[in-house]
Amino acid sequence: MSLRTCYGKVTDACSNERVRNEGAETRARNWARLLMPSLRWAWTVVLAGTVFAVASEGERRADPQRGREALLTRAYLPVAWSEQTYQNVWKVWGLSERPADFEERFRQRYGLHQAPYPNDGLPMGLRYTRGLLGRGITVDCLLCHGGSLFGQSIIGLGNASLDMQALFEEMFEAQGIKRATPFPFTQVRGTTEGAMMAVYLFRIRDEELRLVPPQNFALTPYLCEDAPAWWLLKKKKTMYHTGSTDARSVRSIMQFLLNPLNGPDHIKSLEPTFADVHAYICGLEPPKYPLAIDQKLAEKGRLLFEKHCARCHGTYGPNGAYPNRIIPLKEIGTDPLRAQAIPKEAKQLYARSWFGQERDSRGRPLIFQEEVGYQAPPLDGVWATAPYFHNGSVPTVYHVLNSKARPRIFTRSFRTGAEDYDTVRLGWKYQELDGAPGPDVPAIERRKVYDTSQPGRSNAGHTYGDNLSDEERFAIIEYLKTL
Ligand code: HEC
Ligand code: HEC
């Protein structure tokens, strides 16, 4: 067996050893740009308020509390929809009047969760912001990185319910713009085309993030990605499903800001803010399993886990160690597309760009690494993060441990209550289907079905539990509940 540990030298995500922002120099440039009379930059004036806020903060260490505030009280993308659009979107649901439980239906239709912080009545992932034409609504990181379980919203839990495609299409339709998104955001509910979206946005930027005509990158929008739980970042040396990036990188978590209306200087000026957000993410803890755990069975499971699983997933408890292994595709055997689909030209541009120029305090690049397979993630709080694998192709931990029993085509409620959760197999209750719905079924319903025969959606591989007995699998599952 060939295991690759690529990153012996780097320190882990939260060691605060990353070089601080370019500080004063960048800010001086920001002001110069802002004062430039050129029309091309005129719109940056709109952003002056934000730039000023950052400029006045001065040189500083990353701070998790400030990061929390930055994440939960500020918008980083321009207004997408008017307030009225939100209030009227039920009209495109085929209803004749506004339902009394509009807010709840809105959350359920698009897979959003109540905000566990003040958010003016909007669900997690949406927020009010001000634009040229007044107050409007935009999206934020928690659209994909905020979920819920048993009626409790959890910041940092990947959103396993989201239909980002429906949200965007229907909100734009309610705003009078009836057209498909320029690029698919979601092929299957509960997943997004996260990495390919970044490539899409990067197509119109040069090294310094200036807008350029679209470059000809091949797009493969079939990744169906499950967003990793944020609380795992602090253990990692490398992040993203493929372990392509040093986990200390701040700039890489800013890719989502590449909306064409965000200018290069504005994006760069937010680096200290996102250093704070990174510090906040690094402080998050996994949610505790809320039901009873059979401790004797869990102890049996621990021994089995240490024998069969720990070499990749690490050990836990006070002396636990996480090996940060990246397992090559032919060894792990899960769907290869995510590791293969990002075009070489896009990676090269990324590496040459402002993102790729990030350095740690010793001047070493936090670069985009070769993608050879998938990182074996830490399993803290894994009970809460179904569905499993980077493409969300497996509904429960039991099925991770028994590749032959995995459902081929399945659907689920996309709700997150106690009645939707399978406490025995650990994960989502699901319903297996004989076939995938045809083109006559509306797209919003088709996206509720996970068809593992489609590109990017294979549920094969990771056969490390196949030789265990069910008794052993359930012991390991019991142990995983304690992490
Ligand atoms: C459209 C959904 C979406 C949005 C919005 C989004 N992310 Fe993500 N995020 C993802 C997906 C999907 C991944 C996994 C990408 C991969 O590895 O290919 C990810 C990965 C990450 C990771 C790495 C986690 C790990 O352990 O490897 C961090 C950190 C992160 N995002 C932070 C952010 C921040 C901060 C924002 C807001 C600025 C944000 N994300 C916005 C979908 C999203
Ligand atoms: C050879 C290394 C290796 C071994 C051994 C191994 N795993 Fe994994 N495991 C991985 C990798 C790599 C992934 C990610 C695969 C992907 O997303 O495509 C993974 C994914 C998982 C996941 C899904 C995590 C998530 O959040 O999606 C679980 C659960 C898991 N493994 C449990 C186990 C258990 C339990 C064992 C022991 C029976 C085990 N693994 C043995 C490498 C390994």
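Residues numbered from 1 in each chain as written. Chains lettered and ligands numbered in written order. Predicted model: local features only at pLDDT ≥ 70, side-chain atom pairs only at ≥ 80, totals over all residues. Heavy atoms only, no water.

1. Description of the coordination of the iron atom of ligand 2
Around the iron atom of ligand 2, the protein contributes the donor atoms H313 (NE2) and H462 (NE2), at 1.9 to 2.0 Å from the metal centre. For the iron atom of ligand 2, the 6 donor atoms in the first shell make angles of 89 to 179° at the metal, so the coordination geometry reads as octahedral. Taken together, the positions of H313 in helix α12 (residues 310–313) and H462 in the loop between β14 (449–451) and α18 (470–481) put the pair 149 residues apart, joining distant regions of the chain. Of the two residues, H313 and H462, both sit in the buried class. (Donors = N, O, S within 2.8 Å, 3.2 Å for Na, K, Ca; no water. Tetrahedral: all angles 85-135°; square planar, octahedral: opposite > 155°, others 65-115°. Helix = DSSP H or I, 4+ residues; strand = E, 2+ residues; numbered from the N terminus. Buried < 20%, exposed > 50% of the residue type's maximum accessible area, 1.4 Å probe, protein only.)

2. Here we look at the site of ligand 2
Residues in close proximity to ligand 2 total 24 residues, the closest being C309, C312, H313, T334 and H462. Contacts to ligand 2 include H313, whose side-chain N or O atom sits 2.8 Å from a nitrogen atom. T334 places a side-chain nitrogen or oxygen 2.7 Å from an oxygen atom of ligand 2. Elements that contribute at least two residues to the shell around ligand 2 include exactly α12, α13 (329–332) and β9 (373–375). Take the shell around ligand 2: its biggest share by element is 3 residues, from α12. Considered class by class, the residues forming the shell around ligand 2 number 15 nonpolar, 7 polar and 2 charged. (Near = heavy atom within 4 Å. Polar contact = N/O pair within 3.5 Å; in protein donor to acceptor, adjacent residues only side chain to side chain. Nonpolar A, V, L, I, M, F, W, Y, C, P; charged D, E, K, R; others polar.)

3. Thoughts on unusual backbone geometry
The bulk of non-glycine residues show a negative phi, and the bulk of peptide bonds are trans. With omega at 0°, the peptide bond leading from A386 into P387 counts as cis. Here N324, not a glycine, exhibits a phi torsion of approximately 50°, which is positive. Within the secondary structure, N324 sits in the loop between α12 and β8 (326–328). Residue N324 is classed as buried on the basis of its relative accessible area of 3%. With a phi close to 45°, H462 is a non-glycine residue in the positive phi region. Note on H462: relative accessible area 13%, which makes it buried.

4. Topic: the site of ligand 1
Taken together, 19 residues surround ligand 1, and among them C141, C144, H145, E225 and R338 come closest. Between ligand 1 and H145, the relevant distance is 2.9 Å, taken from a nitrogen atom to a side-chain nitrogen or oxygen of the residue. In this structure, an oxygen atom belonging to ligand 1 sits 2.3 Å away from a side-chain N or O atom of E225. For the shell around ligand 1, the residue count by class is 13 nonpolar, 3 polar and 3 charged.

5. A short note on the confidence of the model for the protein
Per-residue pLDDT for the protein averages 89, and the proportion of residues at 70 or more is 88%. Confidence over residues 1–10 falls short of pLDDT 50; this stretch has 25 contacts with residues more than four positions distant or in other chains. Considering only residues more than four positions removed or in separate chains, one finds that residues 19–58, a stretch of pLDDT under 50, has 56 contacts. (pLDDT = per-residue confidence, 0-100. Contact = heavy atoms within 4.5 Å.)

6. Some points on the sheet that holds strand β13 (residues 431–432)
The strand order across the open sheet built from 3 strands is β13-β10-β14, with neighbouring strands paired in antiparallel fashion. Strands at the two margins of the open sheet, each flanked by one partner only, are β13 and β14. Where strand β10 (residues 409–411) lies against β14, 3 bridges are found, and the strand directions are antiparallel. Across the sheet, residue F410 finds its bridge partner in β14, namely Y450. (Pairing = 2+ DSSP bridges.)

7. Overview of the pairing of strand β5 (residues 152–155)
Pairing analysis gives 4 bridges linking strand β4 (residues 146–149) to β5, with the strands arranged antiparallel. Bridge pairing in β5 links G147 to I154. The antiparallel hairpin formed by β4 and β5 contains 2 residues in its connecting segment, where F150 sits at a positive phi of about 50°.

8. Digging into the pattern of salt bridges
The full count for this structure, using the stated rule, is 27 salt bridges. With a closest N to O distance of 3.0 Å, K235 and D380 form a salt bridge. Of the two residues, K235 is situated in the loop between α8 (194–202) and β6 (238–239) and D380 in the loop between β9 and α16 (397–400); the sequence distance between them amounts to 145 residues. Under the relative-accessibility criterion, K235 is labelled partly exposed at 28%. Of the residues examined, D380 reaches a relative accessible area of 16% and is grouped as buried. (Salt bridge = Lys/Arg side-chain N within 4 Å of Asp/Glu carboxyl O.)

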